[in-house]
Amino acid sequence: MKPAIIRARTAALAALMPLGVERWACARTAGLGVIFVLHRVLPAGEERYDGYPEHALRRLLRHMARNRAYHPVQVEAFLAPDPPPVPRGKRAVALVFDDGYRDQVDVVAPILAEFGVPATVFATTGFVDGELWMWWDRVEYAMRHTSRRSAPAGERVFDGLAWPPDAGARDQEAKRVVERLKLVPDARRLAFMAALEGMLEVNIPPTPPPEYAPTSWDEMRKQEATGLMRFGVHTHTHPVLARTDDATAFEEIRRGWERLREELASPCPVLAFPNGESGDFGPREIAMAAKAGLRGTLAMTPGLVSRGMGGADGVPLPRYHLPGELGSFRAIASGFEALRRGRVPKR
Ligand SMILES: [Zn+2]
């Protein structure tokens, strides 16, 4: 079944889901947890095709804080040797953010404080260090600002794209370029990125403009001290690890963890795999995370979390994208969606 169809059906079912069904599904899947992931969170008035509106996050956290079925936890709780007890019949729910953008701290922290909900941000440390832009943002920026009237010849990554990329299509075309680059060997991606400015005849500023900016170590320390926000490993430069050689893959994990430990008092010893879909990591990367001293890993595949899952060299924990609508949130968080699809792990 195609994801769009699944989403449509989930939304249709969620709209019909009365509170009683939410409670029933929670009880049927008691003892299991759920992890939700978000990327960009946008303040009112800002728009991005991949952005999650601030007001939608506030609405979902309000529901979670008021509904006694849910017990918000830090994601590390699922990996602790002795997970803290979750009150009987409650669903442990963890919220995480990937990448380390400024909005993930500036916009999110006040909302977490408002509802007393904790979260972990998996930060790309080279990004926070100011060494790099997120590479997909550089592609987007270059596609938005190119003055070329035709696609560069001889670069297959641009094959078949609409060109010139007009205002309506260019972000979508940039996304297609990024998706293609995620599949090639990492050395090939790096060569493409090094040639990007020249190929698209565009000047890319050395540091990202505000809409692509990272958070800062100072801000992370400040939020860490509140006790609601923690920071975990997302590599140093965000390659898709399975496309890198052994030395690069390990160094990306090791360096990311090292920088967090150098800058923060109590970083979260968990790795969220860049991109994180099946094929983006494997047994090699799971073993490397354990060797680097991390306690577990997170994937980007949907599913509920059981106690026995995860651990230093166990399977990566699954995560759901946080849906935008309350109905879909209730369907997933309650376990209804997993029950409906027959995908409930053993407790
Ligand atoms: Zn990421």
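First, a word on scope: everything that follows refers to the structure included in this document.

**Quick look at the coordination of the zinc ion**
Of the protein atoms, only D99 (OD), H234 (NE2) and H238 (NE2) coordinate the zinc ion, at distances of 2.1 Å. Along the chain, the residues donating to the zinc ion are arranged with the sequence spacing D-x134-H-x3-H. Of this pair, D99 sits in strand β5 (residues 91–99) while H234 sits in the loop between β7 (229–233) and α11 (246–263), placing them 135 residues apart in sequence. Judged by relative accessible area, which is 4%, D99 ranks as buried.

**Focus: unusual backbone geometry**
Phi at T235 takes a positive value of approximately 70 degrees, unusual for a residue other than glycine. By the secondary structure assignment, T235 is in the loop between β7 and α11. The phi dihedral of H238 falls on the positive side, at around 65 degrees, and the residue is not glycine. Assignment of secondary structure puts H238 in the loop between β7 and α11. Taking the relative accessible area as the measure of exposure, H238 reaches 7% and is therefore buried.

**Section: the nonpolar core**
Soluble globular proteins tend to bury their nonpolar side chains together. Counting residues in hydrophobic clusters, the biggest one holds 57 residues, and the most contacted among them are F36, L57, L61, L95, F97 and L322. Once you skip the residues sitting within four places of it in the chain, L322 turns out to touch F36, V37, L38, Y52, L57, L60, L95 and F329. With 28 residues, the next largest nonpolar core counts V139, A174, I204 and Y212 among its residues.

**Quick word on the pattern of salt bridges**
What the rule picks out here adds up to 28 salt bridges. Connected through shared salt-bridge partners, D129, D218, R221, R259, E262 and E263 make up one network.

**Description of the pairing of β7**
Counting buried residues along β7, five of its five residues qualify, which places the element largely inside the surrounding structure. The pairing of strand β6 (residues 119–123) with β7 spans five bridges and is classified as parallel. Bridging across to β7, A123 finds its partner in V233. Alignment of β7 against strand β8 (residues 268–272), held across two bridges, turns out to be parallel. If you follow G232 over to β8, its bridge partner there is C268. At this point the chain moves from β7, through α11, to the parallel β8, and the crossover so formed is right-handed.

**Description of helix α9 (residues 186–200)**
In this model, α9 (15 residues) spans 21 Å end to end at C-alpha, consistent with the 21 Å of a helix rising 1.5 Å per residue. At A194, α9 shows its maximal kink, close to 40 degrees. Residues of α9 that are buried: D186, R189, F192, M193, L196, M199 and L200. In the core, the buried residues of α9 are packed alongside α7 (135–145) and α8 (170–181). Immediately downstream of α9, the backbone of E201 shows phi near 50 degrees, a positive value.

**A look at the packing of aromatic side chains**
Centre distance and the angle of the planes are the two values used to describe a pair of aromatic rings. Inspection of every chain in the model, using the stated rule, returns ten aromatic pairs. Centroid distance F36 to Y320: 6.3 Å. Interplanar angle 40 degrees. Geometry classified as tilted. Of this pair, F36 sits in strand β1 (residues 33–38) while Y320 sits in strand β10 (residues 320–321), and the two are 284 residues apart along the sequence. We classify F36 as buried; its relative accessible area is 1%. Taken together, the aromatic side chains of F36, Y70, Y320 and F329 make up a single cluster linked through ring pairs. Over the face of the ring belonging to F250 we find K291, whose NZ or CZ atom lies 4.5 Å from the ring centre.

Rules and cut-offs
- Along each chain, numbering runs from 1 in the same order as the chain's sequence is written.
- Reporting of local features is limited, given that this is a predicted model, to residues whose pLDDT is at least 70; pairs of side-chain atoms are given and counted only at 80 or more, and all residues count toward the totals for whole chains, interfaces and linings.
- Heavy atoms throughout the structure, all of them, feed into the side-chain values; hydrogens and water do not.
- Donor atoms (N, O, S) are those found within 2.8 Å of the metal centre, with the cutoff raised to 3.2 Å for Na, K and Ca; water is not part of the atom list, so apparent gaps in a site can occur.
- Helix and strand assignments come from DSSP, with helices taken as H or I runs of at least 4 residues and strands as E runs of at least 2, each series counted from the N terminus.
- Throughout this description, buried means an accessible area under 20% of the type-specific maximum (1.4 Å probe, protein chains only), exposed means over 50%, and partly exposed covers the range between.
- Grouping buried Ala, Val, Leu, Ile, Met, Phe, Trp, Tyr and Cys residues that are joined through side-chain atoms within 4.5 Å yields what is termed a nonpolar core.
- It only takes one pair of heavy atoms within 4.5 Å for two residues to be counted as in contact.
- Salt bridge, as used here: a side-chain nitrogen of Lys or Arg that lies within 4 Å of a carboxyl oxygen of Asp or Glu.
- In this description, strands pair whenever DSSP reports at least two bridges between them.
- For a crossover, the right-handed case is the one in which the path from the first strand over the helix to the second runs clockwise, viewed with the strands pointing away from the viewer.
- Given a helix with a known number of residues, its expected span is that number minus one, times 1.5 Å.
- Fitting axes to the seven residues that end at a residue and to the seven that start at it, the angle between those axes gives the bend at that residue.
- Geometry of aromatic contacts follows a simple scheme: Phe, Tyr and Trp rings, the Trp one being its six-membered ring, pair when their centres are within 6.5 Å, and the pair is stacked under 30 degrees between planes, edge-to-face over 60, tilted otherwise.
- Only when the NZ of Lys or the CZ of Arg is both within 6 Å of the ring centre and within 35 degrees of the ring normal is a charge said to sit over the ring.

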